[in-house]
Amino acid sequence: MNEKQIKLGFIGAGRVGTALATTLATRGYRITAVASRSHTSAARLAGMINGCHICTTLQQVAENADVIFITTPDDSIATVAASIAWQPHHWVIHCSGTHSLAVLAAAREKGAMVGSLHPLQSFADVAQAQANLPGSFFAIEAEGILFAFLKAIVSTLDGTSIVLQGRDKVLYHIAAVFACNYVVTLIKLAVDLWQSFAEPVEPTQAMAALTPLLNGMINNINTLGLPHALTGPISRGDKETISKHLRALEEHAPTLVELYKELGRQTIPIALAKGKLDNITAMKLYDLLANKE
Ligand SMILES: NC(=O)c1ccc[n+]([C@@H]2O[C@H](COP(=O)([O-])OP(=O)(O)OC[C@H]3O[C@@H](n4cnc5c(N)ncnc54)[C@H](OP(=O)(O)O)[C@@H]3O)[C@@H](O)[C@H]2O)c1
């Protein structure tokens, strides 16, 4: 199989669709067709790739390509798949982290091969997506020749393949939400606390101060791994410090008390595994951080 001769089409010209199509085009793949909900998005993507045809209907993408990536939001994938008269020569791929191949049942029923290629990466906008896509890990769910095709794409993107069963997709996606999206939420909560200082600090300045801390933590994870990357009062068993935190939260941000306690309770086993915390102090920390409701 010379995968670079195969015609690829994209439905959904957003962050992932644009990054995948333009990066693959740069690396020698043939991107022949694109459609999106809006003509503007489709035209923007097509304008970045020589020979890419802007389609006015989704069906036209299937008529101008053999492998079609459905890169719409997750909730539209099944509807898009059901709206096309697929042929047995088509390969249809979605990029969702949470859907199994069942979401492409309409394409499979018409004889198309179906697969999933999920970049385990965070794409906040198109430019970030183009920068972050190469070198990522990609979860693949597919069979036979389509699996080989998707593995070749991952290699082209200097990525690493993970083989995933459809039944594991939801847990896999929850893990990504914890490791990525909710870290953003925690940073936002941290920045907000700086607004409660007696002398509030501009969010951009607070973010500038917190970013090296975040980067240091990522470096620690990269170099030391878990559990040794853990620092802070729980890893040291500093009960007085944690009591002070709880009193201050009650006063300035009472809605965060339960979240702080839950994260603290989840952190105790990591501190124990690191070996700096003894069992008696751990029990006292559990008591301090107990949900008293
Ligand atoms: N963003 C991430 O970090 C990330 C990471 C890994 C995987 N993914 C997955 O990648 C897929 C795409 O996500 P994304 O972040 O690229 O989304 P996105 O930026 O919102 O782009 C989705 C695109 O699909 C188009 N669209 C929406 N409904 C459509 C429909 N019914 N028919 C045709 N086009 C439609 C939109 O249209 P218009 O612009 O034309 O209005 C938009 O350009 C999702 O399955 C997502 O789970 C995302």
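Nothing here was measured: the structure is a model prediction, and the numbers come from that model.

J.: Describe in detail the pairing of strand 7 (residues 137–141), supporting the description with residues and values.
T.: Of all five residues in strand 7, four are buried, a share of seventy percent or more. Pairing between strand 6 (residues 113–119) and strand 7: four bridges, direction antiparallel. Bridge assignment links Leu 117 to a residue of strand 7, and that residue is Ile 140. In this structure, strand 7 lies alongside strand 8 (residues 160–163), joined through four bridges in parallel fashion. What sits directly across from Phe 138, in strand 8, is Ser 161. A crossover links strand 7 with its parallel partner strand 8, the connecting element being helix 7 (residues 144–156), and its sense is right-handed.

J.: Explain the site of the ligand to me, using residue names and the numbers behind them.
T.: Not every one of the 23 residues close to the ligand is listed here, only the nearest: Val 16, Ser 36, Ser 38, Ser 41 and Asp 74. Take Gly 14: an N or O atom from its main chain is 3.2 Å from an oxygen atom of the ligand. Within the side chain of Arg 15, one N or O atom sits 2.8 Å away from an oxygen atom of the ligand. When residues of the shell around the ligand are traced back to their parent elements, those giving at least two are helix 1 (15–26) and strand 6. In terms of residue class, the shell around the ligand is made up of eight nonpolar, 12 polar and three charged.

J.: Account for the side chain of Thr 18, naming residues and giving values.
T.: Examined against the element boundaries, Thr 18 turns out to sit in helix 1. Using a relative accessible area of 0% as the deciding quantity, one classes Thr 18 as buried. Among the polar contacts listed, one links the side chain of Thr 18 to the backbone oxygen of Ala 13, at a separation of 3.4 Å. Among the polar contacts listed, one links the side chain of Thr 18 to the backbone oxygen of Gly 14, at a separation of 2.6 Å. Ignoring any residue separated from it by four or fewer positions in sequence, one finds Thr 18 in contact with Ala 13, Arg 44, Leu 45, Met 48, Val 126 and Gln 130.

J.: Give a detailed account of helix 8 (residues 169–194), specifying residues and quantitative values.
T.: Between its terminal C-alpha atoms helix 8 stretches 37 Å, which fits the 38 Å expected from 26 residues at 1.5 Å a residue. Along helix 8, the helix axis deviates most sharply at Val 177, where the bend reaches about 40°. Here helix 8 has its buried residues at Lys 169, Tyr 172, Ala 176, Val 177, Ile 187 and Val 191. Buried residues along helix 8 sit in contact with strand 5 (91–94), strand 6, strand 7 and helix 9 (203–224).

J.: Break down the domain arrangement of the protein chain for me, citing the residues and quoting the values.
T.: By the assigned domains, the protein chain splits into domain 1 (3–164) and domain 2 (171–288). With centres defined by C-alpha atoms, the gap from domain 1 to domain 2 works out at 38 Å. With seven residues of domain 1 in contact, the opposing surface of domain 2 contributes four residues. Roughly 480 Å² is buried in total at the junction of domain 1 and domain 2, and carbon and sulfur atoms are behind 72% of that figure. When the buried surface of domain 1 facing domain 2 is broken down by residue, Gly 97, Leu 120 and Leu 164 rank first, second and third, together holding 53% of it. For the pair domain 1 and domain 2, the number of links is one residue pair in polar contact (both at pLDDT 80 or more). Grouping the constituent residues of the side of domain 1 that touches domain 2 by class yields three nonpolar, four polar and no charged.

Thresholds applied
- Residues numbered from 1 in each chain as written.
- Predicted model: local features only at pLDDT ≥ 70, side-chain atom pairs only at ≥ 80, totals over all residues.
- Heavy atoms only, no water.
- Buried < 20%, exposed > 50% of the residue type's maximum accessible area, 1.4 Å probe, protein only.
- Helix = DSSP H or I, 4+ residues; strand = E, 2+ residues; numbered from the N terminus.
- Pairing = 2+ DSSP bridges.
- Right-handed = clockwise from strand over helix to strand, strands pointing away.
- Near = heavy atom within 4 Å.
- Polar contact = N/O pair within 3.5 Å; in protein donor to acceptor, adjacent residues only side chain to side chain.
- Nonpolar A, V, L, I, M, F, W, Y, C, P; charged D, E, K, R; others polar.
- Contact = heavy atoms within 4.5 Å.
- Expected span 1.5 Å × (residues − 1).
- Bend = angle between axes of the 7 residues up to and from the residue.
- Domains from an automatic or database assignment.
- Buried area = accessible area lost by both parts, 1.4 Å probe.

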